[in-house]
Every structure is written in structure tokens, then in C-alpha cells.
Amino acid sequence: MSGCVFCGIVAGEVPAFRVADEPDGVAFLDTRPVFKGHVLVVPRTHLITLSDLPTDALPGYFGLVQRLAVAVESGLGAGGTFVAMNNRVSQSVPHLHTHVVPRTKGDGLRGFFWPRTRYADDAEAQGYARRVAAALSPA
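Per chain, the residues get numbers from 1 upward, laid out in the order the sequence is written. A pLDDT threshold of at least 70 governs which residues receive local features in this predicted model, and a stricter bar of 80 or more applies before side-chain atom pairs are shown or counted, although totals over entire chains, interfaces and linings include all residues. To get the side-chain values, take all heavy atoms of the structure and skip hydrogens and water.

Q: Can you lay out a nonpolar patch on the surface for me, pointing to particular residues and giving the numbers?
A: To count toward a patch, a residue needs a relative accessible area over 30% and no salt bridge; like charges are then connected within 9 Å, while nonpolar side chains (Val, Leu, Ile, Met, Phe, Trp, Tyr) are connected within 5 Å. Calculation of accessible area relied on Shrake-Rupley with a 1.4 Å probe; when residues are assessed, cover is drawn exclusively from the protein chains displayed. Salt bridge, as used here, is a side-chain nitrogen of Lys or Arg placed within 4 Å of a carboxyl oxygen of Asp or Glu. Residues Phe 17, Val 19 and Leu 29 make up a contiguous nonpolar surface patch of about 300 Å² in total accessible area. Think of it this way: any DSSP run of H or I at least four residues long counts as a helix, any run of E at least two long counts as a strand, and we number them from the N terminus. By secondary structure assignment, the location of Phe 17 is in the loop between helix H1 (5-11) and strand S1 (18-22).

Q: How would you summarise the pattern of salt bridges if you had to cite specific residues and measurements?
A: Evaluated as defined, the whole model comprises four salt bridges. Notably, a salt bridge pairs Arg 103 with Asp 107, separated by 2.6 Å at the nearest N-O pair. Within the structure, one salt-bridge network assembled from shared partners comprises Arg 18, Asp 21 and Arg 44.

Q: How would you explain the packing of aromatic side chains if you had to name every residue and give the values?
A: Two rings from Phe, Tyr or Trp (for Trp, the six-membered ring) form a pair when their centres sit within 6.5 Å of each other. Planes less than 30 degrees apart are called stacked, planes more than 60 degrees apart edge-to-face, and all others tilted. The full count for this structure, using the stated rule, is two aromatic pairs. Measuring from centroid to centroid gives 5.4 Å for Phe 6 and Phe 28, while their planes differ by 65 degrees, and the two rings are edge-to-face. Placement of Phe 6 in helix H1 and of Phe 28 in strand S2 (residues 25-29) is noted, with a sequence separation of 22 residues between them. Each member of the pair, Phe 6 as well as Phe 28, carries the same accessibility label: buried. With centroids separated by 5.2 Å and ring planes inclined at 85 degrees, the aromatic side chains of Tyr 61 and Phe 62 adopt a geometry described as edge-to-face. Its relative accessible area of 1% is what places Tyr 61 among the buried residues. Working definition: with a 1.4 Å probe on protein chains only, accessible area under 20% of the residue-type maximum means buried, over 50% means exposed, and in between means partly exposed.

So this is what it looks like as C-alpha cells:
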């Protein structure tokens, strides 16, 4: 898509520090990493959110994400990884992308990047679970 920086990286028109370039996606270093070695994985086609990714593309794309999580950990000597994706809200580039962030014990990252909350009680939690389950499309 014209004007999309990630499409430009996929096409080789925008420079990036590539980590992987495969049929299922392209991975490159984030220019503003949470920690050094923070990788972004994008599908080759311009999609905006996870719901736009065709079902038949899921195994290949998330297989690549999984392999990169292992590679970030082993290649950087990290204690683990944080794998995350934003859909629309907080999505700095409107092109589907998955963050693979190296983690080490004591790195200062606390859970998620947003405040956490609690359900008032089990009934409230069950109500939320029912609402999501009712909206879930069949497999």
C-alpha cells in the first residue's frame, strides 16, 4: 500500500535491519525498541489488524513469530520474550505487526504496559466471559 512504511520495508524500498524475509512474513528490528533486539514481524501483504489475516495464513505467520521468539531468546541470551500485538489502538503503523521483545530478569518491564484492574466478583467476571463467548465466531 502506498505510503505504508512497513509495505516499503517488505518491498525493499525502505531500509531496515532485516532479521527474516520469508513467504509468510518479514521481520526487522524496531527503530524504537523497548529493549535492544526488539523485532517486528509483518505479513507481506498490507493488512491492518489480526482479523484481516486470512485463516489459512495463520499457521505460517504465527509459525514465523514463534521461531523468532525462540531466536530472540537464544540469539541474544535473553531469559525470555514478550510477544504482543496492537489492533488499531496504539498501533503506530496501521499494518499488522507482532512485537517480539527480549526479556531478562530485572529488566524493569512490569507485566503489560497499561494499568491492571480486577473484577468486582466472580459474577462480573462470568458476565464478561459470557459476552465474549457469545460474540466468538465459530472455528
